[in-house]
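Summary of structural features
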Amino acid sequence: MKQRQALPYTFILPTFVVLAILAFVPTIYAVIISLQDRTLSAPGADFVWFKNYLQLFGDRRFLNALWVSLKWEVITVTATMAVAIVLGILMFDATGPRMRNTLTLIFLIPVLLPRVCAAFVWKFAFHPLYGLVTYPYRALTGKTLDLLADPNAAIFAIAFVDVWQWGFFFAVIILKLLEALPPQPLEAARLDHAKGWQIHYFVSLPMLRTALISLVFVKMIESLRSFDLVYVMTRGGPGVSTETLDMYAFSQGFIESGKISYASSMAVIMMIVTLVGFTLLWKKVK
Amino acid sequence: MGRTVSRIVLWLMAALVLGPVVWTIINAFKLNVDLLTPTPKLFFNPIIDNVTYVLGRPSVLQGLINSLVICISSVAIGVVFGLPTAYAVARYPNRWTEEIQFFVLSLRFMPPVAVAIPLMLIWLGIGLYDSQIALIITYSLLTISITVWLAIPGFQRVPKEIEEAARVDGYDAYAVFFRVALPVAMRTLLGALAFSFVLVWNEFLMALMLTTSSAKTLPIVASEMSQLGMNVPWGILNAAVVLLSLPPLLLLGLLSGFMNSIFSNKSR
C-alpha cells in the first residue's frame, strides 16, 4: 500500500524538477538580459534597467510588429476554425467510411510537413513568373501577380499557408469529435424535420462547445509560432508589413544590429502578455 | 444533390492538399529549364541529378545525422520523464495533478525567441553552443511536455479492471505500470511519440539561433539552400524539401491511428 502512495511522487517529482530547470533558468536569464545592454559584438554588459523597455514604446517598428502579430492571430485563428468546422461537418454528413478514411489521411499531411517546407512549397507556388497559383492570372491577363510583394496581400498569403496547415488538421479533429457524439439528439432533431445545417448549428456544435473552445485556445497558442513561415516567405517584408513580433525580435538580435538585450526585452514582453493572457483565458474556460 | 456537391468540395480540398505536395515532388526531378517556365510544365525529361546532388552534399548528410541524433535522443528523454508522469496524473489524480497539467501546458505559451536568446548565451558560456547536446537538452523541454499531455489520455483508456487484476495477482504499483499499463497503452503511446518526434523534427527557430555549423539540423540546411545566390537551384531546393518532409510523412499512419484512438468514444 505504501508503494501506491509513493508512486505519484517518484513519477512526477523528477520530471517536475527537470521541466522547472529547463523552463525557469532561461526565462529568468531572459529577464536579466533584457535589463542590460548586451550586444552580439561586445562581450561585456552593464545594467541599464528599464531603458530597453522605455525605448520599445517609442519604437514605431515595435508597435507595428505588435499590430501585425495581432492581425495575424485574428486572421489565422478565425480562418482555421471556419475552414475546420465547415470541412468537418461536410465529411461527417456526406461521406461513407472509405472516403472518410482516405480524406482523414490526406488532410493530416499539411500539418505534418515542416513549416519551412510548407512555406517553400507555397512561396514557389506564389512565384510571380513561374508559380502554379499565379499561372491562371498570367495566362488570362498577360501580367504578373506578386502577392508576397504586395504590402496588403502578403500577410494574407502567409496566413493562407498557416490555415492550409492547421485548418485541415482541425477538420479531422472536428470530424472525430462529431463521430464520438451520442447519436440520439441528432436523430431527434432529424425527426423534427431539422435541415442538415440546422442540426449542426442548434444541436451538434453546441454539444461540442467546450471542445471547440479548447481548439481555439490551442490554435491561438500555435499561431504565436509564425516565425518559420514569415522567415522563409517574406522575412517580414515588403517593408515591415508582415513583421511579426518574433520576426522583429530576431532581426533586431541577429540580422541587423545584434542588440540581443533589446531583442530580449521584446521577447520578455511577449512572454508576459502570452503567459498572463492565456492563463486567464484557460482558467476562465475551465 | 447536396451530398454530391459536398463530396465535390471535399475532393477539391483534397486536391488543394495533394496538388502542391505532388507538384513539389515532380519539380524535384526537373532541370531549371523545365522548372522556370511561365506555363507550368507537366511533361518533361525527368532527371535524378537534383536528388543525387542533395544526397551527396556533406552539409545535407551532416544535417540529416544531426536531426536524427537530436530528435531521437530528445524524444527518448521525453519518454523517460514524460510517460511516468502522464501515468501518475492519469491514475492518481489529486488536487496537485491538475496544477501540474496546467504547468506543463503553460510551457507551450513561452515564445521560442524568449527562450532562445538566453539559451544561446548559456550554451556559449559553457562552451556547448552549436553542439548536439545543447539542442537535445533544449528540445527536451518540448518533448517531455508534449509526451505528458498526449500520453495522459492513452493511460486513461487502459481499462482499470486489468490493473486491478494485476494487483490482485501480487504486482506492486511499479510493476503494474511497467508490465501492464505500458504494454496495454503502447499503441496510443507510439502515436504520442510520433507527434513528439514530428514536433522537434520540424523545429526551426531555436535550431536557427542555437547552431552555426556543426550541429545544424536539416530544416536549417534546407532553408540555407534557398539563399545560395541569384541563381537559385530550384530543382535542388525541391529535392531538399522532399527529403526533409519524408520522415514526418512516413509516420502518417501511426499518427492517424493515434487520432482515432484518442477521439473514439471514451467508454471502451
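How each quantity is defined
All residue numbers refer to positions counted from 1 along the written sequence of the respective chain. Think of it this way: whatever chain is written first is A, whatever ligand is written first is 1, and the rest follow in order. Since the coordinates come from a predicted model, pLDDT governs what is reported: local features require at least 70, and pairs of side-chain atoms require 80 or more to be given and counted, while whole-chain, interface and lining totals use all residues. Strands here mean DSSP runs of E at least two residues long; helices mean DSSP runs of H or I at least four residues long; both are numbered from the N terminus. Three exposure classes are used. Buried residues have 20 or more other C-beta atoms within 10 Å of their own C-beta, exposed residues have 12 or fewer, and partly exposed residues fall in between, all C-beta atoms being placed from the backbone. With C-beta atoms placed from the backbone, a contact is any residue pair whose C-beta atoms sit within 7 Å. What counts as an axis is a line fitted to C-alpha atoms, over the stretch in contact for a helix, and the angles between N-to-C directions run from 0 to 180 degrees. Any angle that falls under 35 degrees is termed roughly parallel, while one over 145 is termed roughly antiparallel, one within 65 to 115 roughly perpendicular, and all others oblique. By convention the crossing between two helices is left-handed if the near helix lies anticlockwise of the far one by an angle smaller than a right angle, and right-handed if it lies clockwise. Amino acids outside the nonpolar list (Ala, Val, Leu, Ile, Met, Phe, Trp, Tyr, Cys, Pro) and the charged list (Asp, Glu, Lys, Arg) are all regarded as polar, and Gly is one of them. Expected span, for any helix, means 1.5 Å times one less than how many residues it has. Regarding the arc, it is the one traced by the directions from the helix axis to the C-beta atoms. The predictor reports its confidence for every residue as pLDDT, a score running from 0 up to 100. Think of a nonpolar core as buried Ala, Val, Leu, Ile, Met, Phe, Trp, Tyr and Cys residues, each tied to the set through C-beta atoms within 7 Å.

Here the focus is the overall build of chain B. In terms of helices and strands, chain B carries 13 helices and zero strands. With the C-alpha coordinates aligned to their principal axes, the bounding extent of chain B is approximately 70 × 65 × 30 Å. Looking at chain B residue by residue over its 268 residues, the buried ones come to 45%. Excluding contacts between residues fewer than 6 apart, the proportion of contacts in chain B whose partners are at least 24 apart in sequence is 80%.

Take the overall build of chain A next. Helices and strands together make up the secondary structure of chain A, namely 13 helices and zero strands. A principal-axis box enclosing the C-alpha atoms of chain A has dimensions of 80 × 75 × 30 Å. The proportion of buried residues among the 286 residues of chain A is 42%. Restricting to contacts in chain A with at least 6 residues of sequence separation, those with at least 24 account for 67%.

With that settled, consider the packing of helix α11 (residues 218-225) of chain B against helix α12 (residues 234-250) of chain B. All names here are of chain B. Two numbers describe how α11 lies on α12: the axes approach to 9 Å, and their chain directions differ by 165°. It follows that α11 is roughly antiparallel to α12 by the angle criterion. In the packing of α11 onto α12, the handedness of the crossing is left-handed. Across from Leu218, Pro219, Ala222 and Met225 in α11, the residues of α12 making contact are Ile236, Leu237, Ala240, Val241 and Leu244. Taken together, the residues of the contact of α11 with α12 break down into nine nonpolar, no polar and no charged.

Turning our attention to the interface of chain A and chain B. In this complex, chain A contributes 77 residues to the contact, which on the side of chain B involves 75 residues. At 18 residues, the largest contribution of residues to the side of chain A that touches chain B is made by helix α1 (residues 2-34) of chain A. Its residues placed into classes, the side of chain A that touches chain B shows 59 nonpolar, 10 polar and eight charged.

All names here are of chain B. The interhelical angle for the contact between helix α3 (residues 49-56) and α12, taken along N-to-C directions, is 65°, at an axis separation of 8 Å. Classified by chirality, the crossing of α12 by α3 is right-handed. Here Asn50, Val51, Tyr53 and Val54 of α3 come into contact with α12, specifically with Gly235, Ile236, Asn238, Ala239, Ala240 and Leu243. Split into classes, the residues belonging to the contact of α3 with α12 amount to seven nonpolar, three polar and no charged.

The next subject is helix α10 (residues 209-223) of chain A. Residues and elements named next belong to chain A. For α10, which comprises 15 residues, the first-to-last C-alpha distance of 21 Å matches the rise-based estimate of 21 Å (1.5 Å per residue) to within 8%. The set of residues buried in α10 consists of Leu215, Lys219 and Ser223. Axial view of α10: buried residues confined to an arc of 65°, hence all on one face. The inward-facing, buried residues of α10 abut α3 (60-94) and α7 (154-180).

For tryptophan 49 of chain A, which is not glycine, the phi dihedral falls at a positive 55°. By the secondary structure assignment, tryptophan 49 of chain A is in the loop between α1 and α2 (51-57).

In this section: the confidence of the model for chain B. Mean pLDDT for chain B: 87, with 96% of residues reaching 70 or above. Per the prediction output, this complex has pTM 0.89; the corresponding ipTM is 0.87.

Turning next to the nonpolar core. Nonpolar side chains tend to gather and get buried jointly when the protein is soluble and globular. Counting residues in each nonpolar core, the largest one holds 161 residues, and the members touching the most others are Ala171, Met266 and Ala267 of chain A together with Ala240 of chain B. Among the elements that make up this core, the one with the highest residue count is α7 of chain A (19 residues). What alanine 171 of chain A contacts, discounting residues up to four positions off in sequence, is Val83, Ala84, Leu87, Gly88, Met91 and Phe107 of chain A.

We now examine the environment of threonine 52 of chain B. Residue placement: threonine 52 of chain B occurs in helix α3. Counting along the chain gives 184 residues from threonine 52 of chain B to isoleucine 236 of chain B, while the straight-line C-alpha distance between them is 9.3 Å.

Let us now look at the environment of isoleucine 213 of chain A. Residue and element names in this part refer to chain A. Along the chain, isoleucine 213 falls in helix α10. Using a count of 13 C-beta atoms within 10 Å as the deciding quantity, one classes isoleucine 213 as partly exposed. When the C-alpha atoms of isoleucine 213 and valine 285 are compared, they prove to be 7.6 Å apart, with 72 residues separating the residues in sequence.

So, on to the environment of arginine 100 of chain A. Residue and element names in this part refer to chain A. Tracing the sequence through the fold places arginine 100 in helix α4 (residues 97-112). For the pair arginine 100 and leucine 175, spaced 75 residues apart in the sequence, the C-alpha separation amounts to 9.2 Å. What arginine 100 contacts, discounting residues up to four positions off in sequence, is Met91 and Thr95.

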